[in-house]
Structures are given as C-alpha cells and as structure tokens.
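Now for the letters of each chain:
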Amino acid sequence: MTTPYGSIFYFAILALFIAPIVIANLMGKRLPVYNAFVTLLFIFFMFSSNMVQGIAFIIFIFWQLIVVRFYFNYRRVQGKNHGGIFVLAVILSILPLIVVKVQPLLESQTTLVGFLGISYLTFKATTMVMEIRDGLIKEYDSTQFVNFLLFFPTISSGPIDRFRRFQKDVAKPVDQEKYLGLLNRGIFHIFLGFLYKFIIAYLIETYWKGPLEFNVLHHIDFGSSLFGYMYGYSMYLFFDFAGYSLFAVGVSYLLGVNTPMNFNKPFLARNIKDFWNRWHMTLSFWFRDFIFMRLVFWLTKKKWFKSKFTIAYIAYFVNFFVMGIWHGLHWYYIVYGLYQALLIVGFDIFERINKKYKFYPKNKITYVVGMFITFNFVCFGFLIFSGIFDKLII
C-alpha cells in the first residue's frame, strides 16, 4: 500500500498526474473525465498492496450508496420523517466503523471491513443522512455523492468536508483569478506541510519524544522524562497531524476545491473552548453539530432537566465520550474524552462565576495566563491520549 503523503516519491507522482488539472483550471476549464481517472488511480495506489482493504473499500462505498439512497427515497420521495427510520439509517451508515472499532477487542488480528480512511468517509456519509433528515439536501445524485466520498486528497487524514460545500466548488465554473489565488495558497500549504511533517515532526520524534519515551518505559529519570515526554508528544502530534492536513488541503486547492482547514494555531488558545475551535476543527465542528447540538435539542424538548446548564453539561460528556471511543475502544481514549468534557464544563462554570463577580478581568496579561494554563492542561490530555500509561501498566 502506498501511504498518501508518506514520501517524496508520492509527491512526485502526484505532481505528474495533477499537472494537467492545474493547467486546465488556469485556462478556466475542467477535466471531469481525467479527474475521475486520477482519483481512481490514486485510490488504486492506496490499496494496491492490500487486496482485502481494497475490497472492503469498494464494499463500503456501495453500502453507503444503498443506505443514503434508501433514506433519501424514504425522506424526500415518500415525504416521511419517522425518527426511528432516521436512527436506523444513521446506525447502518456507521455500522462498518463500529465493527472496525470493536474488532481489536476480539482475538482476530485481521478485519474484513477496515481500510485506510474509513473513519473520515463514515463521517461524510453519515452527514448526508443527517442533512437529508434536516431538509438541507433536497436533491440527491449518486454520482455526485460518490465523487464527494472518493475525493482522494482527504480520504486518509481528513479534513472532514460537507457535501453541500464541496458540491458548490465542483459544480460552479472555474474562476481563473480565484483559482490562481487558490493555487498559490495550495502550494504554500504543501511546502508548509513538508516543514511540519518531514522536518519539525521528524526532529521532535528523533531527538525529543523518542528518547524520552524510552526513558519513561525503562524508568530512567522517570519523573522528568515523563514530564518532558508529555510536551514532546504534544508537539509531535500537532506537527505530524497538521502536516498531513496541510498536504490534504493544499492538494485540494490545486484541484480547485476549497477544503476547510483543520488547524488554526491551537496552542495559542486562551481557554479550552477556544482550543476546540482551533484543533482538528472539522472533527470538532462535526461532533458539535451532529452530536452535541442534537442532544441538547432533544433533551430540551423532552424537558427531563430544568436547567439549561445541566443539559449542556450532559451533552458535553456524551459528546466527548463518543469522540473518545471514536479514536478506539481503549481506556485511555475514553479517559481522554471524559477529561476534555471535564475541562469544558469546569471552564464554563468558571466563566459563569466570573461573569457574576468579575474577579478575573479580560486583558493582555490574563490572555497570556489563560494561554499558558490551557496549553498545559491540553498537553496533559495528550499524555493520556498517547497511551504511555497503558504501556507502563503492561
């Protein structure tokens, strides 16, 4: 399997095949047939060395086509809106991902349904079901849906796009002047991704995170090593993941698609809410829109709790618990999710008290203090997320 964005060779092949698309866009034209060829070619590269994953990928696409078509016909053609059918459609859409997440708990070391990028494709497909339910998608074309799912720059590492936003980009005529700006930004993001992933992340892994992880696991200067590892892992996680995301966004821009950014200087966040508006933004916003907000609305409608704050806090814990198990059914992912919910709720309570008594003013000094505190709380969360404590227990 050729790992997307994993080597200079990959980028050389990528540049060779997308050059005609760039030239055509600069001339104000689109090459839909050639675009489809390049998409299939790079998907083939992804799964060429693992036929099982390739077959699972194909089955997954057909599965989502059936689920979305079924629900669209039920919701739009038949004009029905039963909540039970909606829930069934959502469950069917995420079922392959559920199987993949549960599989590690079984003795089998292989899975017949898992493949690279299944999480991000599941988010995109499930969004279709939810937005059809909300009446935001009134027309459905299977070819457009497949084109959305198979957009190869974002399959492996996101960002998570939305169908309606994506469709606007691919459906409108090419504006040569706007595309030139998109091309310049795309090239910049790709080179910035090289800096992040292949230089900074590599140096952090080689000279910071890696050695300190060895010390921690072998109980060498345990306290200071664990402390240093916490920051090393946090820095590595950001630069490695942000590098991948920049590659995906940059290549998307070259193809004329304005894929949303995934990171916005997250370590400069002034509080934990601000952090989640900056870190893995497309994932954070997806959970906010499709889990948190829907749960708040449902709990409010049911009137099980009088306090809007109680409803919000319950929704936060459910939201981050689900986010935790999305990463995997390991205790440290679940604890990480609950830890983030605790931080959010704790900060919200602090804000409410401060609004009443005004003991913590908002100025440049408190901004810096808040940024420092947030950074350290976030890094401790990533220490949990890293699974280092699980290795120590074993």
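Residues numbered from 1 in each chain as written. Predicted model: local features only at pLDDT ≥ 70, side-chain atom pairs only at ≥ 80, totals over all residues. Heavy atoms only, no water.

A few points about the overall build of the protein chain
A tally of regular secondary structure across the protein chain gives 15 helices and 0 strands. Whereas a compact globule of 394 residues would reach a radius of gyration of roughly 21 Å, the protein chain reaches 22 Å, a difference of no more than 12%. The C-alpha extent of the protein chain, read off along each of the three principal axes, is 60 × 55 × 50 Å. When each of the 394 residues of the protein chain is scored for burial, the buried share is 49%. For the protein chain, restricting intrachain contacts to residue pairs at least 6 apart in sequence, the fraction spanning at least 24 positions comes to 74%. (Helix = DSSP H or I, 4+ residues; strand = E, 2+ residues; numbered from the N terminus. Rg over C-alpha atoms; globule rule 2.2 N^0.38 Å. Buried < 20%, exposed > 50% of the residue type's maximum accessible area, 1.4 Å probe, protein only. Contact = heavy atoms within 4.5 Å.)

Here's the deal with the domain arrangement of the protein chain
When its domains are assigned, the protein chain resolves into domain 1 (31-172), domain 2 (178-255) and domain 3 (266-393). Summarising the inter-unit geometry, the C-alpha centres of domain 1 and domain 2 are found 28 Å apart. Contact residues are listed per partner, giving 8 residues for domain 1 and 8 residues for domain 2. Linking domain 1 to domain 2 there are 0 salt bridges. Across the domain 1-domain 2 interface, the total number found is 0 residue pairs in polar contact (both at pLDDT 80 or more). Each residue belonging to the side of domain 1 that touches domain 2 can be placed in one class, and the counts come to 5 nonpolar, 3 polar and no charged. (Domains from an automatic or database assignment. Salt bridge = Lys/Arg side-chain N within 4 Å of Asp/Glu carboxyl O. Polar contact = N/O pair within 3.5 Å; in protein donor to acceptor, adjacent residues only side chain to side chain. Nonpolar A, V, L, I, M, F, W, Y, C, P; charged D, E, K, R; others polar.)

Description of the side chain of Lys 124
Tracing the backbone through its elements, the reader meets Lys 124 in helix α5 (residues 118-133). Summary of buried charges: Lys 124 has no salt-bridge partner, and the nearest side chain of opposite charge, Asp 161, is 6.7 Å away. A polar contact of 2.7 Å, which involves the side chain of Lys 124, links it to the backbone oxygen of Phe 148. Filtering out sequence-adjacent residues up to four positions away, Lys 124 remains in contact with Phe 148, Leu 149, Phe 151, Thr 154, Ile 160 and Asp 161. (Lys, Arg positive; Asp, Glu negative; His and termini not counted.)

So, unusual backbone geometry
A negative phi angle is the norm for most residues apart from glycine, just as the trans form is the norm for most peptide bonds. Following Gly 158, the chain continues into Pro 159 via a peptide bond in cis, with omega recorded as 0 degrees. Take Pro 159: it is sitting in the loop between α6 (142-149) and α7 (163-171). The backbone of Tyr 5 shows a phi angle near 65 degrees, a positive value even though the residue is not glycine. A residue is classified by how much of its surface remains accessible, and Tyr 5, at 0% relative accessible area, is buried.

Some details on the UniProt feature "transmembrane region" (unreviewed entry) in the protein chain
In the UniProt entry, the feature "transmembrane region" (unreviewed entry) is given for residues 6-24, 84-106, 112-130, 186-204, 241-259, 309-327, 333-353 and 365-389. Here residues 333-353 is 100% helix and 0% strand, with 31 Å between the C-alpha atoms at its ends. (UniProt positions renumbered as here; feature names shortened; annotations may be inferred.)

Topic: a nonpolar patch on the surface
Taken together, Trp 63, Leu 95, Ile 98, Val 99, Val 102, Leu 105 and Val 113 make up a surface patch of nonpolar side chains, about 520 Å² in accessible area. Of the residues forming the nonpolar patch, the biggest block, 4 residues, is contributed by helix α4 (residues 83-102). Summarising the element assignment, Val 99 is placed in helix α4. A residue is classified by how much of its surface remains accessible, and Val 99, at 37% relative accessible area, is partly exposed. (Patch = residues over 30% accessible without salt bridge, like charges linked within 9 Å, V, L, I, M, F, W, Y side chains within 5 Å. Areas by Shrake-Rupley, 256 points an atom, 1.4 Å probe, with all protein chains shown as cover.)

Re the pattern of salt bridges
Taken as a whole, this structure holds 15 salt bridges when the rule is applied. Between Asp 134 and Arg 294 there is a salt bridge, with the nearest N and O atoms lying 2.4 Å from each other. Taken together, the residues Asp 134 in the loop between α5 and α6 and Arg 294 in helix α11 (residues 281-302) connect sequence positions 160 residues apart. Close ionic contact of Asp 240 with Lys 197 constitutes a salt bridge, the shortest N to O distance being 2.9 Å. With Asp 240 in helix α9 (residues 222-254) and Lys 197 in helix α8 (residues 176-217), this residue pair connects regions lying 43 residues apart in the sequence. Each member of the pair, Asp 240 together with Lys 197, is buried. Bridged by salt links that share partners, the residues Asp 161, Arg 165, Asp 169 and Lys 172 form one connected network.

A short note on a positive patch on the surface
A grouping of Lys 308, Arg 352, Lys 355 and Lys 358 is seen on the molecular surface, where their side chains present a positively charged patch. Of note, Arg 352 is situated in helix α13 (residues 331-357). (Charge placed at Lys NZ, Arg CZ, Asp CG, Glu CD.)

Topic: α7
For an α-helix, the turn length of 3.6 residues means that residues three or four places apart are oriented alike. Within the span of α7, buried status applies to Phe 163, Phe 166, Gln 167 and Asp 169. For α7, the buried positions fall inside an angular range of 160 degrees around the axis, keeping them on one side. Contact partners of the buried residues in α7: α5 and α6. (Arc of directions from axis to C-beta.)

Regarding the packing of aromatic side chains
On inspection of all chains with the given rule, the structure shows 63 aromatic pairs. Aromatic side chains Phe 123 and Phe 287 sit 5.8 Å apart centroid to centroid with 70 degrees between the ring planes, which places their arrangement in the edge-to-face category. Taken together, the residues span a long stretch of sequence, with Phe 123 in helix α5 and Phe 287 in helix α11 at a distance of 164 residues. Each member of the pair, Phe 123 as well as Phe 287, carries the same accessibility label: buried. Ring centres of Phe 148 and Phe 166 lie 5.4 Å apart, and the angle between their planes is 55 degrees; on these two criteria the pair is classed as tilted. Highlighted residues: Phe 148 in helix α6 and Phe 166 in helix α7, separated in sequence by 18 residues. Neither Phe 148 nor Phe 166 differs from the other in exposure class; each is buried. Directly above the ring of Phe 86 sits Arg 133, whose terminal nitrogen or CZ lies 4.8 Å from the centroid. Over the ring of Phe 309 we find Arg 352, and its NZ or CZ is 3.6 Å from the ring centre. (Phe/Tyr/Trp six-rings, centres within 6.5 Å; stacked < 30°, edge-to-face > 60°. Lys NZ or Arg CZ within 6 Å of the ring centre and 35° of its normal.)

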